[in-house]
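# Close look at the chain arrangement
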Amino acid sequence: MEINQAIEKLYKLQAKLSAYNHASALIYYDGVTAAPKGTAANRGQTLSVLSEEQYILSTGKETVELLEFLDEHKAELSEKDARIVYLALKDIRDMQKIPMDEFVAYQQLLVEADDVWHTAKETDNFDLYCPILEKIFETEKRFAGYCAPEKHPYDYCLDKYENGLTMEKCDEFFAALKSRLVPLIKKISEKQQVSDKCLWGEFDESAQEKFSYDLMKTMGIDLNHCGLATTEHPFTISFGSHHDVRITTHYFKDNFASSMYSVIHEGGHALYDMGSADDLAYTLLDGGVSMGIHESQSRFYENLLGRSREFVSYIFPKLCEYFPEQMKNTTAEDVYKALNLVKPSLIRIDADEVTYCLHVMVRYELEKRVMSGELAVKDLPTEWNKLYKEYLGVEVPNNKQGVLQDSHWSGGSIGYFPSYALGSAYGAQLLRKMKQSVDIDECLRSGNFAPINDWNKENIWKHGRMMDPNDLLEKALGEKFDPFVYTDYLEKKYGEIYNI
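So, how was this worked out
Residues numbered from 1 in each chain as written. Predicted model: local features only at pLDDT ≥ 70, side-chain atom pairs only at ≥ 80, totals over all residues. Heavy atoms only, no water. Helix = DSSP H or I, 4+ residues; strand = E, 2+ residues; numbered from the N terminus. Expected span 1.5 Å × (residues − 1). Buried < 20%, exposed > 50% of the residue type's maximum accessible area, 1.4 Å probe, protein only. Contact = heavy atoms within 4.5 Å. 1 Å grid on protein atoms, 1.4 Å probe; cavity = no way out; pocket = protein on both sides within 12 Å on 5 of 7 lines; lining within 4 Å. Points joined across faces, edges and corners; volume = space filled by probe spheres on them. Nonpolar A, V, L, I, M, F, W, Y, C, P; charged D, E, K, R; others polar. Polar contact = N/O pair within 3.5 Å; in protein donor to acceptor, adjacent residues only side chain to side chain. Axes fitted to C-alpha atoms, helices over the stretch in contact; angles between N-to-C directions. Parallel < 35°, antiparallel > 145°, perpendicular 65-115°, else oblique. Left-handed = near helix turned anticlockwise from the far one by under 90°.

## Considerations on helix H9 (residues 205-219)
Between its terminal C-alpha atoms H9 stretches 21 Å, which fits the 21 Å expected from 15 residues at 1.5 Å a residue. Listing the buried residues of H9 in full gives Ala207, Gln208, Phe211, Ser212, Asp214, Leu215, Met216, Thr218 and Met219. Structurally, H9 contributes buried residues whose contacts are with strand S1 (226-230), strand S3 (245-249), helix H10 (256-274), helix H11 (291-305), helix H12 (309-322) and helix H18 (450-459).

Written out as structure tokens, the structure reads:
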């Protein structure tokens, strides 16, 4: 076979796999946004057929021979093509270790699990959810044993979302954060709390939706290629390439800020996905390189930009336009301080910047213990409530606001949660670097996100998966990752707000 012929086959293969991923993603998206209740079995059947075809196409003899031929001739390949071959072989060698019937059955299980989780959360019924969650954890352990028997099963899970991440590295990272966050939270708790009264009231959902689109436009999101819908748990999904991305939110009538920051958070994900270089479309290189880097973008826009005094002052007139009665007798400074209220709470996605990582630590500790066999799934609610009391000092009134609040486990995303904390810390260091060449404060005051987006595109987005996450981050930063840059940022910002 000639090299040129092999490369042509490689791109046709990726286009076909991208089409399967597109179809599967559309079915999932329909299931969580518009599909009638009771249709999960139908989607599960369709996805089982698609996943079997994907498995055969990905691991078949012809595909393996093609990739091995190209790997043998990698010296003759471009950097881009060599990277595609490397990632494809890495994925295939893992997938080949998992029996096809088990792989397909797991896809069906996850469709069912998502449906069960929605019902369990609505009815506050962990007992309904427990049996299927047990199967998910058991499957993740079994797949870890197939693919990386030399590793602890939880290390295998962590590595799927952040290449090279281990429990040892997580423990060190979280210990560093706790050493600075716990004293900061204590100092803040001793001060008079700011008021968040202006965030609460009755906020029309149609007005919230219009405000959401204004936020997306302000962020520079192309609405011709990014849609917005509502779901129980907000998320972002890319359909096969960066040309078609969807985000979701959840509107609460009594609080506009929850949806506002869901839209900005998911909008950060969308910008990253949509910012991949055009020549990476329909290849393995399209999209984010890791969930830690992905969350660095979502948390960057949500908090480092979205909760800044400058951005709040810019967006305040819009709040007055959409919610005139609620914003009456309120100032931009009032809203800024309210949006940065530090108060231990129950719900992760609504948590303030200072306590947020404690929510992540709870989930990390529980996942680690379940994957180690030290904690039974049936005991998760009790342990969840215990850790929330220990870490955040709050009593969990029910499972809906506790162990059932996140959708990640029902999607099989065991090991994902540390990415949120890592991403928050990555983002703070990226902000410090960006400030060397971009007047971020002026951009936010004027609502001009273009210079910010251009910097992110040049340094992060356009590269897709061309580099490993650590290499991408260090190249963008010009230095090694330092978690204390994040704690320095928090101490400075909240020290000023709370006068400590």
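## A look at empty space enclosed by the protein
Remark: the empty space left among the atoms is shown by a probe the size of a water molecule rolled over them. Taken as a whole and assessed by the stated rule, the structure comprises four cavities of 30 Å³ or more. Estimates place the volume of the largest cavity at around 60 Å³. Along its surface, the largest cavity is lined by Tyr28, Val32, Asp114, Trp117, His118, Thr231, Glu232, His233, Phe235 and Ser407. Counting residues per element, the ones that place at least two in the lining of the largest cavity are helix H1 (3-33) and helix H5 (100-123). Element by element, the count of residues in the lining of the largest cavity is highest for H5, at three residues. Of the residues assigned to the lining of the largest cavity, the class counts are four nonpolar, four polar and two charged.

## Points about unusual backbone geometry
The backbone of Asp124 sits at a positive phi, close to 55°, despite the residue not being glycine. On the secondary structure map, Asp124 appears in the loop between H5 and helix H6 (126-147). Not every positive phi belongs to a glycine, and Asn499 is a case in point at roughly 55°. Among the secondary structure elements, Asn499 is positioned in the segment after helix H20 (484-498). Among the residues examined, Asn499 registers a relative accessible area of 63% and is labelled exposed.

## Quick word on H6
A rise of 1.5 Å per residue sets the reference length of H6, with its 22 residues, at 32 Å; its end C-alpha atoms lie 30 Å apart and thus fit the reference within 8%. Within H6 the residues assigned to the buried category are Phe126, Tyr129, Cys130, Ile132, Leu133, Ile136, Phe137, Thr139, Glu140, Phe143, Ala144 and Cys147. On its buried side, H6 packs onto helix H4 (79-95), H5, helix H7 (153-161), helix H14 (353-371) and helix H15 (380-392). Capping the start of H6, Asn125 holds a side-chain oxygen 3.2 Å from the backbone nitrogen of Asp127, two or three residues further along.

## A short note on the packing of H9 against H12
Axes are the key here: two packed helices are described by the angle between their axes and the distance separating the axes. Close contact between H9 and H12 brings their axes to 11 Å; oriented N to C, the two are set at 150°. The orientation of H9 with respect to H12, classified from their angle, is roughly antiparallel. Pair H9 / H12 crosses with right-handed handedness. For the pair H9 and H12, contact is made by Ala207, Lys210, Phe211, Asp214, Leu215 and Thr218 and by Phe311, Tyr314, Ile315, Lys318, Leu319 and Tyr322, respectively. Of the residues contributing to the contact of H9 with H12, the split by class is eight nonpolar, one polar and three charged.

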